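Fold and contact review
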Amino acid sequence: MGQAQAATELQSLEARVAAARQRLDEHVREMVHWHFSPETGCPFWLERAAGLGFDPRVEIAGYGDLRKLGYFQDGWLRGGPVRRWLPKAYENEPVYVFETGGSTGVPKCRINVRDFEIDYEQFSLSLSEKGFPKGSDWLMLGPTGPRRLRLAVEHLAQTRGGICFFVDLDPRWVNVLLRQGKHQEMEAYKSHVIDQALKILRVHEGIRCLFTTPKLLEALCEKISLTKIGISGIFCGGTEMDAQFHRFAREELVPGVDFVPTYGNTLMGLALNKPFDRDDDYAITYYPAHPRALIELVDPEDTERTVGYGETGQVMLTTLTKELFMPRFLERDEAERAEPIEVYPWDGVRDLRLLKSLEESVTVGVY
Amino acid sequence: MIHIPILRWGEAYYSLKRSALRDIRTGEPVAEMSLANGGLIGRDLGQVAECQRRLAAVGCEELVEICGRAAEVFVEGELPLGEGVQSPQEYIAQLSATTGMPQSLCRRNSEKIRLALSEMGGVLDGLTRGISLSVLDAGWGTQEGRTLSYLRQADALGAVLPNNSPGVHSLWLPAIPLKVPLALKPGSEEPWTPYRIAQAFISAGCPPEAFGFYPCDYGAATQILLRCERSMVFGGEATVGPWRADPRIEIHGPGRSKILFGADSVDEWEEHLEVMAASVAENGGRSCINASGVWVPSRGREIAEGLARRLAQIEPRALDDANAELAAFSKPELAHRLSELIDRQLKTPGAEDLTAKVRGTARVAEIGGCTFLRPTVIWCEDPQHPLANAEYLFPFVSVVEVGQRQVLEAIGPTLVATAITEDELFIEELLACTSVDRLNLGPMQTNRISRDQPHEGNLFEFLYRQRAFATIPMRA
């Protein structure tokens with residue numbers, strides 16, 4: 001690559017980063033206006049605005065100004081009334097409620113109208129036709145119940161003209177078994193889940209695409225060759241995934257299959273992995289669905305300080321959709337801050353994992 | 001930087017997930033170690049039958065000879081370590097640096113492993129009660145006019161191993177000449193010894209496929225315990241508890257080993273002071289076979305004071321001091337927490353720390369960048385006291401006074417009991433006592449074990465089951 005070309009590309013990336021930043025600030029203003037206006041906003045933020053001493057619609061001009069609202073508190077989403085989160089604009093719409101994993105006490109819940117559909121329609125655009133052919137059917141082998149994944153994967157399949165099969169998995173029961181040291185019972189439950197998946201895969205030949213979690217993928221691959229049975233694309237997520245698992249999956253579990261790691265949660269939506277590059281040592285680097293969601297990495301000791309590129313920080317999520325305004329929520333995860341890239345010209349997070357200080361108190365199970 | 005890889009049936013695999021092994025004195029990294037993900041272990045264990053066939057193709061007698069060669073090369077040889085080699089001196093220095101065990105004790109433990117390997121023929125003789133090893137080669141045989149057949153119960157022996165003392169690794173060594181490959185999960189600070197043993201075996205001619213070596217977190221280690229038809233697991237109650245009801249798994253939990261005095265012998269306790277002191281403090285007091293209790297029918301306080309005076313002479317020294325007897329804690333905060341726990345337990349009436357008075361110094365000591373706990377002797381009037389049956393990772397002992405008639409009901413599970421008595425009735429009761437695993441009659445140290453005797457179960461009986469078998473010629 002010539003120096004001039006490299007400079008052009010660099011400028012191009014810089015320009016993209018600047019444009020993304022500008023779009024983010026515009027989006028912040030639009031969302032703040034929506035959530036703090038009585039005709040569209042939800043009771044929670046409208047009540048809160050009354051005590052702020054300023055009008056966020058005037059004072060918040062961009063992402064940086066969100067700090068004026070402080071931090072979104074973990075307890076706000078735990079317990080009711082859930083309708084305080086429903087924007088007035090959606091009061092006549094059918095509303096879903098989704099819950100987080102529930103591995104740390106009472107689960108957090110959020111309302112949802114179309115967010116999950118929008119997120120997964122966008123995600124669908126990133127999937128390859130070869131790995132995830134349109135019109136092919138899906139198997140969703142992962143946490144169902146009150147989680148948004150259950151409906152989201154089905155919507156993804158439908159968006160791509162497919163039909164989605166399901167196997168139920170209750171991750172909270174798995175966590176109970178793990179906490180109680182009932183390893184054999186957990187294995188029995190895992191076998192029960194995997195046996196159901198095998199039955200579906202063996203009799204429904206049109207299934208080409210799979211959603212599953214890392215541990216269930218390992219368990220499934222012990223019983224069957226997914227390539228031989230015709231799986232061409234795997235969308236994998238639901239729990240933390242490290243570079244070693246990524247490599248193991250590509251090299252040994254499902255070589256040749258289009259393997260797409262993702263990070264997502266009920267609160268933020270879906271973050272996409274950096275396109276696979278063999279020279280990248282299988283690093284897992286996620287980029288959130290900007291500007292609808294952002295991940296900022298902050299110093300856990302001084303959460304006002306954003307860490308530098310390559311440094312480790314605590315995940316601070318911000319969700320900015322018409323359905324949920326969740327500014328600056330400190331998550332239980334940590335990661336290294338990753339540079340923007342051409343396809344995702346905003347900050348990413350590398351090697352996402354549980355916060356070190358929490359490692360002992362949280363159980364992350366098969367799911 | 002030294003990198004200790006995973007061994008996937010003898011083949012090195014360098015993981016993208018690694019942990020650092022640090023010198024406990026400086027915090028500087030000594031090496032990094034590849035960590036296996038659970039799926040990788042599960043996948044390998046799915047292929048173990050073929051590895052077992054490779055190992056079984058070698059005759060038992062030849063495998064015993066391999067053990068003999070491995071013994072020498074383990075202690076004397078340069079052996080592969082990742083992409084480099086490791087000399088015996090480097091092994092001792094690295095082991096000491098990351099575990100806190102003084103080099104002098106590391107050498108002694110290394111000798112234990114040499115001995116277990118070089119005397120493997122005798123070890124197997126003891127474990128099998130003298131069965132000809134050709135019976136295992138052929139699957140059956142005739143000995144002293146009887147037809148014998150033994151059925152192997154597992155394609156691999158899993159082992160979730162501890163950090164506390166390298167000598168413990170001698171327990172799983174007989175699996176190899178018994179033709180059972182190993183799936184080893186080393187302790188997080190002590191991969192050195194199992195890795196070096198595997199390399200010693202391979203360099204002595206053992207099929208490399210006999211060794212799976214999987215450093216990993218506890219979650220991934222459960223794959224070994226779930227998938228191997230026979231496993232051993234070492235650790236505290238929290239680690240071993242969930243597996244207690246599983247007959248496929250041999251539990252090596254807290255030992256709570258004890259010395260018991262009969263009423264007939266307690267007056268001569270001073271003659272046995274050295275046996276008591278060595279039982280408590282040898283090997284840094286780190287083994288499950290170290291005594292953590294001395295139970296006596298009378299003169300308890302006097303014995304406790306005598307033992308306190310003796311053990312208070314043991315002082316922490318630098319890890320490379322030839323006279324060092326105490327092991328440092330790899331995590332200093334653990335030493336402080338443990339000492340605080342003992343102090344809190346002492347607030348319950350009925351127990352007193354007698355070493356504190358004799359020594360006049362704090363229990364926690366910091367020397368040469370290392371944190372130690374000095375030997376501690378507790379005088380316990382009440383056998384129900386929380387310290388009466390406690391076991392900690394340093395020379396710690398409670399002297400408990402309880403009548404001879406009640407003692408066997410009170411001691412609870414005891415890995416090794418040394419009974420100092422000639423009272424025949426008491427000996428009869430001791431022989432019938434199900435709380436005691438290994439019984440020593442007479443003034444023997446609790447930590448003296450012979451390799452031809454079972455330790456927390458007989459490995460041969462664990463790995464093989466005698467089956468009914470008959471054969472007649474196809475044609476007359």
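Note that the structure is a prediction, hence the values are computed from the model and not measured. (Residues numbered from 1 in each chain as written. Chains lettered and ligands numbered in written order. Predicted model: local features only at pLDDT ≥ 70, side-chain atom pairs only at ≥ 80, totals over all residues. Heavy atoms only, no water.)

**Considering the sheet that holds strand β8 (residues 140-143) of chain B**
The strands that make up a sheet are held in pairs by hydrogen bonds between backbone atoms, and each pair lies either parallel or antiparallel. All names here are of chain B. To keep it simple, the criterion reads: At least two DSSP bridges between two strands are needed for those strands to be called paired. Each helix corresponds to a stretch of at least 4 residues labelled H or I by DSSP, and each strand to a stretch of at least 2 residues labelled E; elements are numbered beginning at the N terminus. All axes here are fitted lines through C-alpha atoms, helices being fitted over the stretch that makes contact, and every angle between N-to-C directions spans 0 to 180 degrees.
Spatially, the three strands line up as an open sheet ordered β8-β9-β24, and their pairing is antiparallel. The outermost strands of the open sheet, each flanked by one partner alone, are β8 and β24 (464-466). Taken over all neighbouring pairs, the strand axes of this sheet differ in orientation by 35° on average, direction set aside. Pairing of strand β9 (residues 146-152) with β24, which is carried by three bridges, proceeds in the antiparallel orientation. Each bridged residue has a counterpart across the sheet, and for leucine 151 the counterpart in β24 is arginine 465.

**Thoughts on unusual backbone geometry**
All names here are of chain A. Here the residue pair glycine 80 and proline 81 is connected by a cis peptide bond, since its omega of -5° sits within 30 degrees of zero. Assignment of secondary structure puts proline 81 in the loop between α3 (56-59) and β1 (96-99). With an omega of 0°, the peptide bond between histidine 290 and proline 291 qualifies as cis. Tracing the chain through its elements places proline 291 in the loop between β9 (285-287) and β10 (293-299). Backbone geometry at aspartate 351 places phi at a positive 55°, although glycine is not the residue there.

**Here we look at the sheet that holds strand β12 (residues 312-320) of chain A**
Residues and elements named next belong to chain A. Taken together, twelve strands build an open sheet; the order of strands is β4-β3-β5-β6-β7-β8-β9-β14-β13-β12-β10-β11 and the sheet is mixed. Whereas interior strands pair on both sides, the edge strands pair on one side only; in this sheet they are β4 (164-167) and β11 (302-306). Between one strand axis and the next, the sheet turns by 40° as a mean value, whatever way the strands run. Relative to β12, β10 is paired through six bridges, and the arrangement is antiparallel.

**Here's the deal with the packing of aromatic side chains**
Residue and element names in this part refer to chain A. The cut-off we apply is this: The aromatic pairing rule takes the rings of Phe, Tyr and Trp, using the six-membered ring of Trp, and pairs them if the centres are within 6.5 Å, calling planes under 30 degrees apart stacked, those over 60 edge-to-face and the rest tilted. A 1.4 Å probe rolled over the protein chains alone gives each residue an accessible area, and that area as a share of the maximum for its type sets the label: buried under 20%, exposed over 50%, partly exposed in between.
Throughout the structure, instances matching the rule amount to 34 aromatic pairs over all chains. Between tryptophan 45 and tryptophan 76, the aromatic rings sit 6.3 Å apart at their centres with planes inclined by 90°, giving edge-to-face as the arrangement. Here the residue tryptophan 45 occupies a position in helix α2 (residues 43-50), and tryptophan 76 occupies one in the loop between α3 and β1, the gap between them amounting to 31 residues. You can call tryptophan 45 buried: its relative accessible area is 2%. On the basis of relative accessible area, tryptophan 76 is assigned to the buried category, the value being 16%.

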